[in-house]
There are 2 protein chains.
Amino acid sequence: MPAKQKIAIIGVGLLGGSLALALKKQKGVELVGWNHRASSRKKASKIIRVAESFEKAVAGAQTIVLCAHSNSIIPELRQIRPLIAQGALVMDVSSVKGAVVQQAVRVPRASTYFVPCHPMAGKERSGPDNADADLYRKKIVFITPLPKTSWKLLGKAGLFWKKVGAIPVFTGSLAHDKAVAMTSHLPHLLASAMIDLYGRQEAKSPLFKKAVGSGFGDFTRIAAGSPAMWRDIVEMNSVEIKKSLSQYRRRLEELEAKLEKGKGRFWYDFFERARAVREKL
Amino acid sequence: MPAKQKIAIIGVGLLGGSLALALKKQKGVELVGWNHRASSRKKASKIIRVAESFEKAVAGAQTIVLCAHSNSIIPELRQIRPLIAQGALVMDVSSVKGAVVQQAVRVPRASTYFVPCHPMAGKERSGPDNADADLYRKKIVFITPLPKTSWKLLGKAGLFWKKVGAIPVFTGSLAHDKAVAMTSHLPHLLASAMIDLYGRQEAKSPLFKKAVGSGFGDFTRIAAGSPAMWRDIVEMNSVEIKKSLSQYRRRLEELEAKLEKGKGRFWYDFFERARAVREKL
């Protein structure tokens, strides 16, 4: 019988926990988890065997997945570097990739073991209690390699994600950050700004709360996400988010000018075009 | 056995059709529908008895519900005025109330039979094929009376909505328009603008489509609504929508200025406040 392949998940929250549940179904896998906080380790232990220490979690693991926010990836990488086994693959799952790649190239030999990843999977509710074995199923996972990484290592990373049902897509970290700035980071900021404005009005009149329908609920659902994670994302991808926001804000200025009588044709075309694009999502 | 109460639904689409399905369950009700287009009448006939003519649909009805867009309510009101029975109650279900009330007071004796209503119920998909007997269940229905309407007539309108499971809320038409401008019309416009921007980017690079997650889907779901209905809404509530949009756009300008390094504390507070308000929706 071949030795089991050890996979370490550092940070067993929603993403790490879901990964644990998906990997549990695979044969020949020895799964171990670690959280830096004792209270989080206790929660994690419901779904994964928690190691006795951080060092023991990492030691001898062929695959290590860092499930932390973008801000913490590089410090964690430096921390595990002396501990990792020869030939090991280290990945992360954080939302911003440009800054991670830029800093990782300065970590010794990082291109021989570290492959930055970003699965387009999540929920509003964080924590291992909300983990779901099917979270990654049919979801895109962006893989944004360091400049010198071998195709062999990238292939291993791609295979890892395929095994949990995801679809790996290789791309540059800046192209990634530009795309998610528009499809994820900007919408989050816009939904939060909407909720912010609504909160001020609702405090003045109870009518606003009554005027909330299911559409408003859908529109603002993403604003329920973790403030700490979103602070990190905004800090680390501020350049691309600012470009997107600025484009969007200028578009709103154009629309504002059209909000007067007799522009029916314009609005019909605008909504029709949007509807057509939305249908194809 | 008492005579059946005749209820006429003029415009059997999603809202009218759902009303029909909900009313069907009630005893002592004679339900009849009408659509102006022959093709729509054919669809409607699957869920409601369709009258032989518009006149026959309205004749003798104690309750008439006009399920048309805001723009068509007053023309329809003028059209049915000579036909309606003594003591009849006429309601609409359209999304903008200020303009409807303002114009209705000029229709002879309108305050004795017409009660403007707006149920906070809907779906992205229109048409009677998507009708749902439970669409109004536990949903707010705003009732915005004409200045001289009797409480007796308003009471009848309120009771009508309670019987299909809805929660009637009486308010002024301008307060209504202000509230829905923020909670419904502005979000629709913002989601459509987001989709519009996304569409332009996606046409340039296939990466944008891959970067679409469930959050983007939720955020833009409302943009799938009927362009004709939304054109009417924007035209008829342009003043209040413009006020909301302008407030929102100014807020975005403030946020844009904060998109630089070292503003982590600001963003944490911003997202935390938004999350707290979102939780209480």
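Quantities reported herein were computed from a predicted structural model and do not represent experimental measurements.

Moving on to the relation of the copies chain A and chain B. Superposing chain A onto chain B takes a rotation of 180 degrees plus a shift of 0.0 Å along the axis, which leaves an RMSD of 0.0 Å. Classification of the inter-copy transformation places it as that of a two-fold axis. For chain A, the residue whose C-alpha comes nearest the rotation axis is phenylalanine 219 of chain A, separated from it by 2.1 Å. Here 100% of the contact residues of chain A are again contact residues in chain B; the copies associate through an equivalent surface.

Attention now goes to the environment of isoleucine 233 of chain B. All names here are of chain B. Examined against the element boundaries, isoleucine 233 turns out to sit in helix α10 (residues 227-236). The buried category is assigned to isoleucine 233, around which 27 C-beta atoms lie within 10 Å. Between the C-alpha atom of isoleucine 233 and that of serine 94, which follows or precedes it by 139 residues, the distance is 8.9 Å.

Structural remark: α-helix, 3.6 residues per turn; residues separated by three or four positions point the same way. Across the 10 residues of helix α10 (residues 227-236) of chain A, eight count as buried, placing the element largely inside the fold. Buried within α10 of chain A we find Met229, Trp230, Arg231, Asp232, Ile233, Val234, Glu235 and Met236 of chain A. Tucked inside the fold, the buried residues of α10 of chain A contact α5 (98-104), α7 (173-204) and α11 (238-258) of chain A together with α12 (264-279) of chain B.

Before going further, it helps to examine the nonpolar core. Among the nonpolar cores identified, the biggest contains 194 residues, and Ile64 and Val90 of chain A are the most heavily contacted of them. For valine 90 of chain A, the residues in contact, after removing those within four places along its chain, are Ile64, Leu66, Leu77, Ile80, Ile84, Tyr113 and Phe114 of chain A.

Residues other than glycine seldom take positive phi values, yet lysine 138 of chain A does so here, at roughly 65 degrees. Mapped onto the secondary structure, lysine 138 of chain A falls in the loop between β6 (117-119) and β7 (140-143). In the Ramachandran plot, arginine 109 of chain B falls in the positive-phi region, its phi being about 60 degrees despite a non-glycine side chain. Structurally, arginine 109 of chain B can be placed in the loop between α5 (98-104) and β5 (114-115).

Rules used throughout
Residues numbered from 1 in each chain as written. Chains lettered and ligands numbered in written order. Predicted model: local features only at pLDDT ≥ 70, side-chain atom pairs only at ≥ 80, totals over all residues. Least-squares fit on C-alpha atoms with pLDDT ≥ 70 in both. Contact = placed C-beta atoms within 7 Å. Helix = DSSP H or I, 4+ residues; strand = E, 2+ residues; numbered from the N terminus. Buried ≥ 20, exposed ≤ 12 C-beta atoms within 10 Å, placed from the backbone. Core = buried A, V, L, I, M, F, W, Y, C linked by C-beta atoms within 7 Å.

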